[in-house]
Amino acid sequence: MSHISLHCVQCGASFPANMLILQCDRCQSPLDVFYEVITSQSPPRDLSARQMPIPMHDESAGVTLGEGDTPVVLLPKVGQLLGSERIYGKLEFLNPTGSFKDRGTATLISVALEHGVKEIVEDSSGNAGASIAAYSARAGIKAHIFAPADAPSSKIRQIKVYGGEAHLIAGPREAATEAAVDFYQKNNLLYASHNLSPYFVEGTKAFAYEVLKQFGDGLPDHIVMPVGNGSLFIGAWKGFQELKAGGHIKDIPTLHCVQAQAVRPIVDAFEGLEWSIKNVQQTVAGGISVGNPPRLQQVVSIIHATGGQAVAVSESEILRWHGLLSAQEGIYAEPTSAAAFAGVESLIKQGHIKRDEVTLVPITGFGLKDTAEY
Ligand SMILES: Cc1ncc(COP(=O)(O)O)c(C=O)c1O
Ligand SMILES: [Zn+2]
């Protein structure tokens, strides 16, 4: 019998580890991977992300492009600007396809390969699509990627170069999701949605294992992330929780979520405000332009559980930090990634991050992927 199953994040219902099941059939909530055996054991002493529990039966059959183990660098000038000396960036844009998505994709596509999948459907603002196209190429799987027609052309180009079939959909980000759902249903294909798939989130938890390896006993006090669907946010939390359950860490860093004021469903939910998808406005932070994130409740619970905050930042603050990161630190990030620094500034000003504390920001995507001049 398999030691892997899927559990509903809301009602706890249990399902077999089957790639066709993306949501709970009782309450429609998303699912997480659950290990019958491994959760009762602690991870091995010599920790590395390569040794964390993963949702495969034959781990050697996985697909990898060398994702993860991204460097951590101190950002002294950002620190000076904010009056907080110990602000670090984890250079997620050095992953194989230029964004943090690759850890999640490696796991998702590895599981798809193990399940004998030959053709998949995905929708994305661009980065996850490019990542899935790359790993699918490596695995010999045909990938249909649905993306907004106004997604950055470099991301679309990247999807096509990897051999992915790019389906460009006019309208908001949600229109690409609807078109993908329609397409997989009509063609009887596997919908690999990285937003819903429990396997994608399961792969991103390696982030936490890396942070422990890089920081050791002095884990960051705060981790501040740009959040759309929350795949890195939730994955990091899951990884830290595993590490805590195994006795490897005492405390989990405080996890803060940053969104654009233009698209702020999680911030509004955190503040107890009503959010409607009709409120979505245009933002330069396309990666976090998600009007209706399926894992919203999960993200909000994690913020509360770690004592974090959810903050919304303006377009001008995002662009200011985009410029500062490049000109002051030599880090060319996507505007989406720069949003997190506007969030750090706001969290320091509000006193949620003390100036002598250690803050880590994953710099989630490479500037070369989104070169529009704003
Ligand atoms: C560069 C970048 N940063 C952050 C995010 C947000 O990731 P998530 O939607 O998993 O929260 C995305 C998502 O596309 C992204 O492309
Ligand atoms: Zn349920």
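Residues numbered from 1 in each chain as written. Chains lettered and ligands numbered in written order. Predicted model: local features only at pLDDT ≥ 70, side-chain atom pairs only at ≥ 80, totals over all residues. Heavy atoms only, no water.

Visitor: Give me the coordination of the zinc ion (ligand 2): which residues, what numbers.
Guide: Around the zinc ion (ligand 2), the donor atoms from the protein are Cys8 (SG), Cys11 (SG), Cys24 (SG) and Cys27 (SG), and they sit 2.3 Å away. Every donor counted, the 4 donor atoms about the zinc ion (ligand 2) form angles of 97 to 121° at the centre, which fits tetrahedral coordination. Here the donor residues for the zinc ion (ligand 2) map to a single chain with the spacing C-x2-C-x12-C-x2-C. By relative accessible area, which is 1% here, Cys24 ends up buried. For Cys27, a relative accessible area of 30% puts it in the partly exposed group. (Donors = N, O, S within 2.8 Å, 3.2 Å for Na, K, Ca; no water. Tetrahedral: all angles 85-135°; square planar, octahedral: opposite > 155°, others 65-115°. Buried < 20%, exposed > 50% of the residue type's maximum accessible area, 1.4 Å probe, protein only.)

Visitor: Summarise the environment of Phe270; cite the residues concerned and give the values.
Guide: Examined against the element boundaries, Phe270 turns out to sit in helix 9 (residues 265–270). For Phe270, a relative accessible area of 18% corresponds to the buried category. Phe270 sits 92 residues away from Glu178 along the chain, and the two C-alpha atoms are 27 Å apart. Setting aside its immediate chain neighbours within four residues, Phe270 contacts Val300, Ile303, His304, Gly308, Gln309 and Ala310. (Helix = DSSP H or I, 4+ residues; strand = E, 2+ residues; numbered from the N terminus. Contact = heavy atoms within 4.5 Å.)

Visitor: Describe the domain arrangement of the chain, listing the residues and the values that go with them.
Guide: Each assigned domain of the chain is listed here: domain 1 (1–41), domain 2 (72–99 + 204–369) and domain 3 (102–193). A straight line from the C-alpha centre of domain 1 to that of domain 2 covers 27 Å. In this assembly, 6 residues from domain 1 lie in contact with 6 residues from domain 2. At the boundary of domain 1 with domain 2, total buried surface from both sides reaches about 480 Å², with 41% on carbon and sulfur atoms. Its largest share of buried area at the contact with domain 2, domain 1 owes to Pro30, Asp32 and Tyr35, together 61% of the area lost on that side. Where Arg295 meets Asp32, a salt bridge forms, and the shortest distance between an N and an O atom there is 3.1 Å. The tally of links from domain 1 across to domain 2 stands at 3 residue pairs in polar contact (both at pLDDT 80 or more). (Domains from an automatic or database assignment. Buried area = accessible area lost by both parts, 1.4 Å probe. Salt bridge = Lys/Arg side-chain N within 4 Å of Asp/Glu carboxyl O. Polar contact = N/O pair within 3.5 Å; in protein donor to acceptor, adjacent residues only side chain to side chain.)

Visitor: I'd like to hear about the sheet that holds strand 3 (residues 31–35), residue by residue, with values.
Guide: Within the open sheet, the 3 strands sit side by side as 2-1-3. Their pairing is antiparallel. The two strands at the open ends of the sheet, each matched to only one other strand, are strand 2 (14–16) and strand 3. Averaged over all neighbouring strand pairs, the angle between strand axes comes to 40°, with direction disregarded. Bridge count between strand 1 (residues 4–8) and strand 2: 3 bridges; the pairing is antiparallel. Following the sheet pairing, Ser5 is matched in strand 2 by Pro16. (Pairing = 2+ DSSP bridges. Axes fitted to C-alpha atoms, helices over the stretch in contact; angles between N-to-C directions.)

Visitor: Let's hear about the packing of helix 2 (residues 102–114) against helix 3 (residues 127–139): which residues, and what values?
Guide: Their axes nearest at 9 Å, the elements helix 2 and helix 3 cross at an angle of 40°. If you check the angle between helix 2 and helix 3, you find them oblique. Seen from above, helix 2 lies across helix 3 with right-handed handedness. Touching Asp102, Thr105, Ala106, Leu108, Ile109 and Leu113 of helix 2 are Ser131, Ile132, Tyr135, Ser136 and Ala139, all from helix 3. Taken together, the residues of the contact of helix 2 with helix 3 break down into 7 nonpolar, 3 polar and 1 charged. (Parallel < 35°, antiparallel > 145°, perpendicular 65-115°, else oblique. Left-handed = near helix turned anticlockwise from the far one by under 90°. Nonpolar A, V, L, I, M, F, W, Y, C, P; charged D, E, K, R; others polar.)

Visitor: Give a detailed account of empty space enclosed by the protein, specifying residues and quantitative values.
Guide: In the structure shown here, the tally under the stated rule is 2 cavities of 30 Å³ or more. Of the volumes computed, that of the largest cavity is approximately 340 Å³. Lining the largest cavity are 30 residues, and of these Phe100, Lys101, Gly228, Gly287 and Ile288 lie nearest its centre. Listing elements by their share of the lining of the largest cavity, those giving two or more residues are helix 3, strand 10 (222–226), helix 8 (231–245) and helix 12 (335–349). Sorting elements by how many residues they give to the lining of the largest cavity places helix 8 first, with 3 residues. Of the residues assigned to the lining of the largest cavity, the class counts are 9 nonpolar, 17 polar and 4 charged. Taken domain by domain, the makeup of the lining of the largest cavity includes at least three residues from each of domain 2 (72–99 + 204–369) and domain 3 (102–193). Size it by volume and the second largest cavity reaches roughly 40 Å³. (1 Å grid on protein atoms, 1.4 Å probe; cavity = no way out; pocket = protein on both sides within 12 Å on 5 of 7 lines; lining within 4 Å. Points joined across faces, edges and corners; volume = space filled by probe spheres on them.)

Visitor: Break down the packing of aromatic side chains for me, citing the residues and quoting the values.
Guide: The tally for this structure, following the rule as stated, stands at 5 aromatic pairs. With a centroid separation of 5.2 Å and an interplanar angle of 25°, the aromatic rings of Phe93 and Phe366 are classed as stacked. Taken as a pair, Phe93 in the loop between strand 5 (87–90) and helix 2 and Phe366 in the segment after strand 13 (359–362) lie far apart in primary sequence, 273 residues in all. Using a relative accessible area of 9% as the deciding quantity, one classes Phe93 as buried. Its relative accessible area of 26% is what places Phe366 among the partly exposed residues. On the basis of an interplanar angle of 25° and a centroid distance of 6.1 Å, the ring pair of Trp321 and Phe341 is categorised as stacked. (Phe/Tyr/Trp six-rings, centres within 6.5 Å; stacked < 30°, edge-to-face > 60°.)

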